[in-house]
Each structure stands twice: as C-alpha cells, then as structure tokens.
Amino acid sequence: MTEVRRAGAVPPSLWERDEEVATLTRAVDTLCADRSSPGILLEARGEAGVGKTALLAEARRIAEARGCTVWSARGGETLRSVPFNVVRQLLQPALVSMLPEEAREYLGDWYDIAGPALGIADPGERQADPQGVCDGLVAAVRRLARREWPLVLLIDDAHWADQETLRWLAALAERLDETSVLVVIARRPGDVSGDSARHLEAATAVGRPLAPLNALTPQATAGLTRATLGAHADAAFCREVWAVTGGNPYETVELLAKVQDSELQPVEAEAAELRALNRTARGGGLVARLEQLGVDSTRFAWAAAILGGGITVDMVARLATLDPADAARCAELLRGARILSVPDAGAGQPDAGELEFVHPLIATAVYNSIPDALRTAMHGIAAQLVADSGLGAAAASRHLLKVHPDDDQEVVAQLREAAREHLAVGAPDAARRCLERALQEPPLPESHARVLFELGCATLLTAPATTIGHLRTALAMPGLEGEQRVDAVFRLSQALLHNDQLEEAVRTVEAEAARNPDPSARLRLQAAQYMWEGIHAGETSSPHRSARLAELAATCTGRDNAERALLILRGFDAMTHGESAEEVVELCDRALVNGRLAPGLGWTDTEWGLELPMMLASSYAYTDRLDRAEALFTEALRAYESGGHLSLAHAYVGLGHRRRGRLKEAEESLRESLRIAERVGRGLPLYWSATCNLIDTLLARGHVEEARTVAEQYGFAPPYPSTIVLPDPRPVRARLLLATGRTKEGINELEAAEKAAAARGRHNPVVVPWATELARALAGEDPGRAAQLATDARRQAERFGTDTAIGEALRCAAALETGQRAVRLAAQAVTYLEASPCQYEHAAARVEYGIAARSAAELNRGLALAESCGADGLAARARQALVAGHAG
C-alpha cells in the first residue's frame, strides 16, 4: 500500500492503487514502443467491490491517452450460458464497422469459420468444429491487432465469461508471443468451475498478475471520506466508515454518496447512522430501498435483471408490461437511486443497451429478490420476446433453460432449433444444455429418440462416453427408422471407437447389418465394420476378414458412397498386407469421382468421417503415388484450417513431405502438428501420428539427440495405441534405440514388430520395415538370419512392386555384402530408387553406392541430393567418405 493521497489527486475508486496503475502504464508503454513486441496479459484479481472495474477504466484512460485502440467487454452472471457473448462484445464493434466485403477480405479463409461465432456471418449447414472456431477467433484477433495496433483488450468479470470465450482466451494467451496486443482481465477468485475454470487458469498462467487488490486501509478510508465530504469530517466518523465497509472501495464510495444524499453530518454523533445507511446498498437493504421506489420501478428493475444484457427501456417495458411513459419514469428513478446507470459510451460494447446496473452486486441482489415462480415466468416471457424480436432460437434459449418443464412441445422445438444454431457456430456445450433441457420437457414419444440422437451427435467430440449412453437409449426406443437409424448406429460405433472400445464398435455395426433388411444400409454398415477393423492395430480380427472384403469389393463399381467406401477399405487393406501396389491404386482410383473425393466422403463430411480419406491418401502415399497423396493431404489441411483435426492434417502433410524427401518441410509440419496435438490431449491416435512421424523425420535428418528428446518428452514408448499409426511406431522406435546405442532393446523392439505384423498379416515392407532394419541390426552377430531376413524382405518388396520397396530391399541386401556383389546390389538399388519419388532413400542409396564403389562422382551426387533433402547426417557421411577416398 502507498501513502494516502490528497483530495482530488485521483478518482476515489483508485485510492491506494499506485503500484497497479504503474504496472498498467509500463505495459501500455511497452506495447506502444514496438509493433513487433510480444503480447502481454495482465490479471487484476480481487473480491467484489475491491476496485477491479475502476482499474480497467484507468487502463482505458492510460491507453487512449497514448493513442491506443481500446475494446472492452464484460461477463455477466446470468449470461454465462450465452456462447461467445464476451468475445463478441470485444470484436464485433470493429468488424461491424467494416463493409461485409471488407470484413470478408480482411479475415480471408477465417471469415466463414469465425464470422458466425462473432455474429457477422450466417452459419453454414454443417456442425462447426469448436477447436476450429477457437483458432479462427485467435486468427481474427491477430489480424485485428496488426490493423489496429496498438490494441488493448479489457475484459471485466472474466469469471462470468462464457466457456467458449474462455477457451478462446486461453488459446490467445498461448499465442501472445506472436500477437502484439495488451490484454487486461479482471476477475474474482473462485466463482468459476469445470472447463471454464481450466480455460481461465490456463490463460492467466501465461499472464502477469497485478499487485493483489486489497481493501483500503483506515488511513486511506479517512482520506477518501474527507475528500468526498469535506476536510471537517472527524476521525471517529472516518473510522466508522472504514469499520462499516471493511475498506471495500465500492461500498465506501456508495456509502459516502448516501451520506451526501441524506445530508448526514460527518461527525462522531452521526456515525451510528452509517450501518443502517450501508445496509441499503446490498441484500435485503437494497431490496427494501428498491421497493420504496414503487411497484412499477421494482418490476422494471426485475425485468432488467432478467434480461441481464442489452437492457433497453423498450424491451424492459414489454417484459414488465409497462407503458412507455411509465417505463421511462421508472428508468429515471432507478438511475437517481444509483441502481441503474447509463453505460460508458467509451466502452464500445455492442448491444449494450441504454442501461446497465451500477454494479454486478446490485444486479445479483435484484435478480435474487425476484420470487422464484415469478422469475421463472418472466424468463419464459423473455424467451418469447427475444424470439419475436428476430434474434433467433439460440438467443432465446438461455431464458428457456430457466423455465420449468411443462410438457410444452413448442419449447422442445425451440430448444432443438437453438441446439442446431449453437452447433452451427461451434458451441456444442450450449447445444448439449438445450437438448438435455428439451428431454426434461419431455418430447412426445414419437420424437424422443430423435432428440436423444441429436444430443448424441452434439456430444460426440466432447464426451464420447456420454454419447454412447444417449445413442444406445435412442436405438432402444421407437422413432429411429431407415437412414436415421443407420446414422445413429454409425455414430454409436464412432463414439465407441473414440472411447477406446473398438471391438464393441465392430460388434455394434456387425449386429445391425445382420438385422437390417435394406441392402444399401447393410452395405454401409458392413463397410463401417471393415473400416473399424482396418484401423485396429491389435492382434484380433474377424476370421477371413480380408477375403470377405475382397469378395465384396470385387462386385463394387463405385456407383454410390457405400461401394466407394468398400473400394477404399479394400485398397487400404491390400496396401497394408503388401499385395500388388498396381491393384491397390486401381481400387483407389475406382473410389474417386472424376479424380476427386465424392460428396459425402470428404475430410469434413460426417456421413463417414475422416477415416476413409485418411486411408485413401495413405494408400497412395505408400504405393509411390505421392502426387495423389499430397493433393489429398493438402485438401485436408485446407479443410481443417481451423479444426480439432488440424493436427492430423499437419501430420499427414508432414508424412507426404517425409515420403517425398523434403525433410525440413516435414519437420516443420510435424512440429506444428505436435503443438496442436498437445492442446487436444496426449494418448490420442493423432498425438501418436505426430510424434511418430516427427521422430522418423529427425532420424532421417540425422538429428538423433533431438529425436531422443522428443521421444522422452512425449512418451514415445509402449504401450502403443489400439488404432493403426503410419508409419508403424515399433520400427521407428527401434531405429531410435539402435541409433542411441541401445542395440539389444532395438532388436527386441523389431522382433516385437515382426510378431505384431505377422498376427495382422501386415507384410508391406515400406509401412512396417522391420525385416530390413532387423537384418542390418543382426548383420554382425547372426549373419545367416540377417541374410534370410533380407531375402524375405526382397521377396515381399517384389510382390508389392513399387520402386521404393524394391530399392530399399536392395539397399539392405547390399549392406550385408562385400566386394563386387555389394557394388552390384547397391547399383541396382540406385536404379530403382532413382525412379522412385522418395528422394531421401535415393540420396541414401547414392551415398552407399559411392562408398561401395569408391566413386567420388557418385558420392558427390549423393551429397547434393542429401543436402537438398535436409538430411544432415547423410550429407556428413558423404563428406567423410569423400575425404577418406581422397586420402586413400
């Protein structure tokens, strides 16, 4: 605490806040000093009334005095269920001031993603991905920060912000190093729980707390009392002001205002009146003071509290059933009583309305004073008013959530529509609340199962275990028929898969296929069964699965998506088993329409999910059709430019670069994939894909220590996931172990890979290259077995038939030989790999051939290729061989 200031030095609410104000000033100065400076997040934390709002107002004054753009927003206790409420307050003013074409051009690809959440664009027909919308909002702020620099964002009552805003705030805080913006938030300790608490703590963990906002000292209270009432206020009176308010700045200012209104003299003889006067500022005393203003004013205040935000005299009048003249009179009375006030015009908040409560403490007290039954009824009326105003079902839903269930099918319909609107803007939790409430109404028997199905779809990405329960219940009830029932079964199997219940997912679609009489539906369900079995990395599979899949696919012409799905599944199965690559490509090509994914089978289509295009692209990647694979991977990156599956898209783009031999680009994509995967959660298949591919790429580059660090940091070790990961993690981990001198462990890992591949029939030597790796590892201690492994690998490679597979098998065979036989095999490997699109493997073959043949020309060609690939270790090996050759 600093010394007490003289009267008039600072606003009353900023007494003893010198340190906090100085921190704010330094932060604004830092922001203004350099357009490229990293962002800053400051947090003001304190109990209600301790002066957080005043501190934000001072931050605005300081920033505007230095020419900053300042946007502000405020959470509301009754508005926490409104998704994107606070972030809309922050960003809407700037965006709505642009012409629609200007906003679209400015936000670019993010316009259709973040625009609906911000209320500046109509939502699409599909369910928006929450992570995608969050990323879009972060991108919007980063672009606006460049446009409006220096930009300051102020968020008051962040503990009452909606969950979607807090998720965005946490994501923005994570990227502050790249965003030159000052964010100042004010919050109470506590008052938030669950995911909202997690997001808020993640955001503030990145920032810097301001000095703790404590109550005023007795000395400061005395100074403030004399500054307000006059220097003649005696010491006993001042001490009682402090004792009554506990030094709470808001209560102190309010009490002193009431002393002035009541013309109470600031002397010891009058001090006994202070407690009664202070009680009128909160709780029952405030309610009693409100009632003294009359019935109409009380109804007006109640209606304002129900609305919570966007308080206009017209809307309040309709909710309180007052005529316009009486409503205007009540508004004036409530302003005079310091219950309502006119919003600060400088705050720039959209839809702030004509009025707001003077303080959240007053809003809470007024809301809680409404009789329960009347409060419920008023929320019902408010919902109708909001709907009639054309604001949509989603805007009305927060009121409907407060209405008691009453078997009202109109409420069910409104809540279902609200859920669809919430899903379309990327707010599945808000949709879940609406549908759960609709079930309480309850729906009519004939629609009950459909509401459960909609609820299951809403929770699929966020709560697969909950989804399983909803969908099983829905399927056990009448009401889901035809395509909708098949959709529900497919969604149930997806949820089981996400919940690590893959065998149950398989049994679910298998059982439904057996009982469904519709051939088209049965085909789709069978395809789903084969899809889940196909991505399973374990050792169990239905008997003769591949043979049955081949038999089914043989009759498919690709006339509909069920047949196209089966063709993709058959192609992927044949690829992993190491069957003819030419036949794999022919199957995959038949699944396309004019060379592209058919509608309904795209990366973001929900009919089948992302697994099918992933399998298709992977099949092309491992059959040396990298042009087609990369086109699909790039399409995924565009589709998930803002999605929870963005990590997977980057991982597969990285895989494409790795296969092509662009190792630097591969590492960049894979590190970005892993960064995003960290936010989604460890242990998921996408996390394994990112980690495995990155380690594989680092080893190819020769960065062994970096690969080891990544493996240790991200837990790249058994047990492996139940779903297939490309490339197979066992040989990759084995290479890492061998490269770090842990030879025996590496050999054991390769032998485990052999067993796992044999159990599943996965004999593709490129996808699971255990044989060639094990042959090299055993060359010294067991040359006979090593030679046999190399021979078997070559036979499998020739069966598969790609230049890469055969060239790699020949490289392995050459490494086990000496003399002219080694030279001949190495030369053959070069011939095949020169025709392959995999340039890193070509470079390795060139270097190895140059060493075997003692050819400086071949070594120089290999060196140039290694350098173009970013294979630093291989390039160093080539240089060492050249030096050794010249020395010889």
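Residues numbered from 1 in each chain as written. Predicted model: local features only at pLDDT ≥ 70, side-chain atom pairs only at ≥ 80, totals over all residues. Heavy atoms only, no water.

J.: Got a minute to help me understand helix H25 (residues 502-515) in this structure?
T.: Along an α-helix, a turn takes 3.6 residues, which lines up residues three or four apart on a common side. Taking 1.5 Å per residue, 14 residues should reach 20 Å; H25 reaches 21 Å between its end C-alpha atoms and fits that length. When H25 is considered as a whole, its buried residues turn out to be Leu-502, Ala-505, Val-506, Thr-508, Val-509, Glu-512 and Ala-513. Projected down its long axis, H25 carries its buried residues within an arc of 160°, all on one side. Opposite the buried face of H25, by more than 90 degrees, sit the exposed residues Ala-514 and Arg-515. (Helix = DSSP H or I, 4+ residues; strand = E, 2+ residues; numbered from the N terminus. Expected span 1.5 Å × (residues − 1). Buried < 20%, exposed > 50% of the residue type's maximum accessible area, 1.4 Å probe, protein only. Arc of directions from axis to C-beta.)

J.: Help me understand a negative patch on the surface, please; the structure alone is not making it clear to me.
T.: There is a patch of like negative charges on the surface, built from Asp-406, Asp-407, Asp-408 and Glu-410. Inspection of the secondary structure assignment puts Asp-406 in the loop between helix H19 (393-400) and helix H20 (409-424). (Patch = residues over 30% accessible without salt bridge, like charges linked within 9 Å, V, L, I, M, F, W, Y side chains within 5 Å. Areas by Shrake-Rupley, 256 points an atom, 1.4 Å probe, with all protein chains shown as cover. Salt bridge = Lys/Arg side-chain N within 4 Å of Asp/Glu carboxyl O. Lys, Arg positive; Asp, Glu negative; His and termini not counted. Charge placed at Lys NZ, Arg CZ, Asp CG, Glu CD.)

J.: Where do I start with empty space enclosed by the protein in this structure?
T.: Using a probe with the size of a water molecule, rolled over the atoms, empty space left in the structure can be pinpointed. Scanning all chains against the criterion turns up 2 cavities of 30 Å³ or more. Around the largest cavity sit Ile-535, Phe-572, Met-614, Met-615, Ser-618, Tyr-652, Ile-724 and Leu-726, which together line it. No other element matches the 3 residues that helix H30 (residues 611-621) contributes to the lining of the largest cavity. Here the residues of the lining of the largest cavity sort into 7 nonpolar, 1 polar and no charged. (1 Å grid on protein atoms, 1.4 Å probe; cavity = no way out; pocket = protein on both sides within 12 Å on 5 of 7 lines; lining within 4 Å. Points joined across faces, edges and corners; volume = space filled by probe spheres on them. Nonpolar A, V, L, I, M, F, W, Y, C, P; charged D, E, K, R; others polar.)

J.: Can you help me understand the packing of helix H38 (residues 770-778) against helix H40 (residues 803-815) in this one?
T.: The relative placement of two packed helices is expressed as an angle between their axes plus a distance between the axes. The interhelical angle for the contact between H38 and H40, taken along N-to-C directions, is 10°, at an axis separation of 10 Å. Classed by the angle they form, the pair H38 and H40 counts as roughly parallel. Residue-level contacts link Thr-772, Ala-775 and Arg-776 of H38 to Glu-808, Ala-809, Arg-811, Cys-812 and Ala-815 of H40. Of the residues in the contact of H38 with H40, the class split is 4 nonpolar, 1 polar and 3 charged. (Axes fitted to C-alpha atoms, helices over the stretch in contact; angles between N-to-C directions. Parallel < 35°, antiparallel > 145°, perpendicular 65-115°, else oblique. Contact = heavy atoms within 4.5 Å.)

J.: Sorry if this is basic, but what is going on with the nonpolar core here?
T.: Generally speaking, nonpolar side chains in soluble globular proteins are found buried as a group. In this structure, Trp-532, Trp-603, Trp-608 and Trp-770 are the most contacted members of the largest nonpolar core, which totals 135 residues. At 9 residues, helix H28 (residues 561-577) tops the list of elements feeding residues into this core. If we skip the residues at most four places from it in the chain, Trp-608 touches Phe-490, Gln-494, Arg-524, Ala-527, Ala-528, Met-531, Asn-561, Ala-562, Ala-565, Gly-600 and Leu-601. In terms of nonpolar packing, the next biggest core, distinct from the first, is built from 51 residues, Met-98, Leu-153, Leu-169 and Val-425 among them. (Core = buried A, V, L, I, M, F, W, Y, C linked by side-chain atoms within 4.5 Å.)

J.: Looking at this structure, how should I read the packing of helix H3 (residues 85-96) against helix H5 (residues 111-118)?
T.: As a packed pair, H3 and H5 sit with axes 10 Å apart at the nearest point and diverge in direction by 115°. Classified by the angle their axes make, H3 and H5 are roughly perpendicular. Along the contact surface, H3 presents Val-87, Arg-88, Leu-91, Gln-92 and Leu-95, while H5 presents Pro-116, Ala-117 and Leu-118. For the contact of H3 with H5, the per-class residue count stands at 6 nonpolar, 1 polar and 1 charged.

J.: Please explain the packing of aromatic side chains as it appears in this structure.
T.: Remark: the centre distance and the inter-plane angle together describe each pair of aromatic rings, the angle taken between the planes. In total, this model carries 5 aromatic pairs according to the counting rule given. An angle of 70° between the planes, with centres 6.0 Å apart, marks the rings of Phe-490 and Trp-608 as edge-to-face. With Phe-490 in helix H24 (residues 482-498) and Trp-608 in the loop between helix H29 (581-590) and H30, this residue pair connects regions lying 118 residues apart in the sequence. The class of Phe-490 is buried, set by a relative accessible area of 2%. Three or more aromatic residues joined by ring pairs make a cluster, and in this case those are Phe-490, Trp-532 and Trp-608. The ring of Tyr-367 has Arg-375 lying over it, and the distance from NZ or CZ to the ring centre is 5.2 Å. Over the face of the ring belonging to Phe-490 we find Arg-524, whose NZ or CZ atom lies 5.0 Å from the ring centre. (Phe/Tyr/Trp six-rings, centres within 6.5 Å; stacked < 30°, edge-to-face > 60°. Lys NZ or Arg CZ within 6 Å of the ring centre and 35° of its normal.)

J.: What exactly am I supposed to notice about the confidence of the model for the chain here?
T.: Interpreting fine coordinate detail is not advised for predicted regions of low pLDDT. Put simply, the chain has an average pLDDT of 88, and 94% of its residues get 70 or more. The element-level mean pLDDT for the chain is lowest in helix H13 (residues 283-292), coming to 75, with H40 highest at 97. Below a pLDDT of 50 lies the segment residues 1-9, which in the model reaches 16 contacts outside its immediate sequence neighbourhood of four places, other chains included. Scored below 50 in pLDDT, residues 348-352 shows 15 contacts in the model against residues more than four places distant or in partner chains. (pLDDT = per-residue confidence, 0-100.)

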